[in-house]
Amino acid sequence: MTTSAFIASLTTNSSLLALWGALLLHWFLPIPHQLHPLRIWQRLALLIATRVNHPHESYSQRLLAGYLAWALMWLTALVLLIAINELVWYSTLFQLTLLWLALDWHHTADLSRQFNHAYNRHDKDHCRQLLAPHINRNTTVLSLLGLGKAGAETIILSYGRHVVGVLFWYAIGGGISAILYRLAISLARAWSPTRAQYAVFGYPAIRIAAIVDIVPLRLLALLISVGHNSRAAIQGLRQQGEHWHLPGPGWLLVAIGHKLALSLGGPAIYNNIKMQRPRLGGRIAPAALHLSQIQQLITQRLYAWIIVESLLLYFFGGVL
């Protein structure tokens, strides 16, 4: 294939153009976290929950309300996105915009950098402030050790869900699929059963999130296992991969925990109630050095993921 033919094939591959366009736009023009449209989606989810989630009702009624509320929000978004896609003149630009909205790489990298800097200075107040919007736990009671574990887990899962999960579903169904995945993950975050008021109502959202998470996060776990300490990572997946309450995040935490010999998981306090979570990984408590290692490891694997996905889109055609 000549150079001109190669360039021509690239410019006609709308899926690949949208992928790299969204990545470049996201990195050079990131949406501020506080202004992101998904925050409106989460506020709407909380508002709907206050109307349909009634603690005095029976278990089955609250569970049904959770499924119906989830279907109302997600299916409405699906119909609107399909309708808009039929009306737009430039489908590639529309898909690029959706992927740009769905990605959250820049914010996660910024959170990792800020948290690592604060943790290295033993600034517990700043660490708690940084983590508070991203976890459902009460950060004010976390010790420095607890903050290290919570920070590591938050950064790992944020990269897994907000970057790899988004890119995976983009490859499956384009920008619409990518943004619908983020909407599903956002509902699971807003209605997390770890919050007392959503203990039953939020089960449908978390179960659906577990289903859409399992393939991309497990693929990322396998990709992370490759290379140094691969034997320890693979052995850890065999021994502890199914211990976590969610199958996708469990594999990802186990792979990184064993690869870097870090201790992850363990007891956590939700709503002033101590919950016993499995202990994953090695025996070393995460320090600032290990948080930097996590950042470096995941970043390298993200570049590899993008290269592989780009090659697949190039050789096997686009999703658009």
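Residues numbered from 1 in each chain as written. Predicted model: local features only at pLDDT ≥ 70, side-chain atom pairs only at ≥ 80, totals over all residues. Heavy atoms only, no water.

Student: What should I look at first to understand the packing of helix H8 (residues 144-190) against helix H12 (residues 288-316) in this one?
Tutor: Relative placement of two packed helices is described by the angle separating their axes and the distance separating the axes. Viewed as axis vectors pointing N to C, H8 and H12 meet at an angle of 5°, and their least axial separation amounts to 11 Å. Put simply, H8 runs roughly parallel to H12. Judged by residue contacts, Gly148, Ala152, Ile156, Tyr159, Val163, Val164, Leu167, Phe168, Tyr170 and Ala171 of H8 engage Leu291, Ile294, Gln295, Ile298, Leu302, Trp305, Ile306, Glu309 and Leu313 from H12. Tallied by class, the residues present in the contact of H8 with H12 amount to 16 nonpolar, 2 polar and 1 charged. (Axes fitted to C-alpha atoms, helices over the stretch in contact; angles between N-to-C directions. Helix = DSSP H or I, 4+ residues; strand = E, 2+ residues; numbered from the N terminus. Parallel < 35°, antiparallel > 145°, perpendicular 65-115°, else oblique. Contact = heavy atoms within 4.5 Å. Nonpolar A, V, L, I, M, F, W, Y, C, P; charged D, E, K, R; others polar.)

Student: Which parts of the structure should I look at to understand the packing of aromatic side chains?
Tutor: When we look at a pair of aromatic rings, we describe it by the centre distance and by the angle of the planes. By the definition in use, this model includes 8 aromatic pairs. Ring centres of Trp105 and Tyr303 lie 5.9 Å apart, and the angle between their planes is 45°; on these two criteria the pair is classed as tilted. Within this pair, whereas Trp105 is found in helix H6 (residues 105-120), its partner Tyr303 is found in helix H12, the two being separated by 198 residues in sequence. The buried category is assigned to Trp105, whose relative accessible area is 8%. Classification of Tyr303 by relative accessible area gives partly exposed; the value is 49%. Ring geometry for Tyr314 versus Phe315: centroids 4.9 Å apart, planes at 80°, classification edge-to-face. (Phe/Tyr/Trp six-rings, centres within 6.5 Å; stacked < 30°, edge-to-face > 60°. Buried < 20%, exposed > 50% of the residue type's maximum accessible area, 1.4 Å probe, protein only.)

Student: It is not clear to me how H6 should be interpreted in this structure. Could you clarify?
Tutor: With 16 residues, H6 ought to run about 22 Å at 1.5 Å a step, and its terminal C-alpha atoms sit 22 Å apart, in line with that. Considered for burial, the residues of H6 that qualify are Trp105, His107, Thr108, Ala109, Leu111, Ser112, Phe115, Asn116, Ala118 and Tyr119. Buried positions along H6 lie against helix H2 (14-28), helix H7 (124-131), H8 and H12. One or two steps after H6, the chain reaches His122, where phi turns positive at roughly 60°. (Expected span 1.5 Å × (residues − 1).)

Student: Would you mind showing me how to read a nonpolar patch on the surface here?
Tutor: A surface patch of nonpolar side chains, amounting to about 670 Å² of accessible area, comprises Ile307, Val308, Leu311, Leu312, Phe315 and Phe316. With respect to the element layout, Val308 can be found in helix H12. (Patch = residues over 30% accessible without salt bridge, like charges linked within 9 Å, V, L, I, M, F, W, Y side chains within 5 Å. Areas by Shrake-Rupley, 256 points an atom, 1.4 Å probe, with all protein chains shown as cover. Salt bridge = Lys/Arg side-chain N within 4 Å of Asp/Glu carboxyl O.)

Student: Could you clarify how one ought to interpret the layout of surface pockets in this entry?
Tutor: Any empty space left between the atoms is revealed when a probe the size of a water molecule rolls over them. Computed from the structure, the largest pocket encloses a volume of approximately 1,500 Å³. As for the largest pocket, its lining consists of 47 residues, of which His134, Asn136, Arg161, Arg189 and Ser192 are closest to the centre. At the level of secondary structure, the elements contributing two or more residues to the lining of the largest pocket comprise helix H3 (37-52), H6, H8, helix H9 (203-225) and strand E3 (273-275). No other element matches H8, which puts 13 residues into the lining of the largest pocket. Looking at side-chain class alone, the lining of the largest pocket contains 21 nonpolar, 16 polar and 10 charged residues. Taken as a whole, the second largest pocket holds about 340 Å³ of empty space. In terms of lining, the second largest pocket is formed by 16 residues, of which the most central are Leu38, Trp41, Ala77, Ile179 and Leu183. Going through the elements one at a time, H3, helix H4 (59-87), helix H5 (91-102) and H8 are the ones with two or more residues in the lining of the second largest pocket. The greatest single-element share of the lining of the second largest pocket, amounting to 6 residues, is contributed by H4. (1 Å grid on protein atoms, 1.4 Å probe; cavity = no way out; pocket = protein on both sides within 12 Å on 5 of 7 lines; lining within 4 Å. Points joined across faces, edges and corners; volume = space filled by probe spheres on them.)

Student: Which parts of the structure should I look at to understand the environment of Leu264?
Tutor: With respect to the helices and strands, Leu264 occurs in strand E1 (residues 263-265). When the C-alpha atoms of Leu264 and Ala190 are compared, they prove to be 24 Å apart, with 74 residues separating the residues in sequence. Those residues in contact with Leu264, other than ones at most four positions away along the chain, are Ala152, Glu153, Ile156, Leu253, Gly257, Pro278, Arg279, Leu280 and Pro286.

Student: I keep staring at the nonpolar core and nothing clicks. Help me out?
Tutor: Soluble, globular proteins show a tendency: their nonpolar side chains are buried together. Judged by nonpolar contacts, the single largest core of 96 residues is most densely connected at Leu99, Trp191, Ile256 and Ile294. Here the element with the most residues in this core is H8; it accounts for 24 residues. Those residues in contact with Leu99, other than ones at most four positions away along the chain, are Ala18, Leu19, Ala22, Val166, Leu167, Tyr170, Gly175 and Ala178. (Core = buried A, V, L, I, M, F, W, Y, C linked by side-chain atoms within 4.5 Å.)

Student: Help me out: how do you make sense of H3 in this one?
Tutor: Helical periodicity: at 3.6 residues per turn, an α-helix aligns residues three or four positions apart in one direction. Compared with the 22 Å implied by 1.5 Å per residue over 16 residues, the 23 Å span of H3 between its first and last C-alpha is a close match. Regarding H3, the residues found buried are Leu38, Trp41, Ala45, Ile48 and Ala49. Down the axis of H3, the buried set is contained in an arc of 105°. They therefore lie on one face. In H3, those exposed residues whose orientation departs by more than 90 degrees from the buried face are Ile40, Thr50 and Arg51. On the buried face of H3, the contacting elements are H4, H5 and H8. (Arc of directions from axis to C-beta.)

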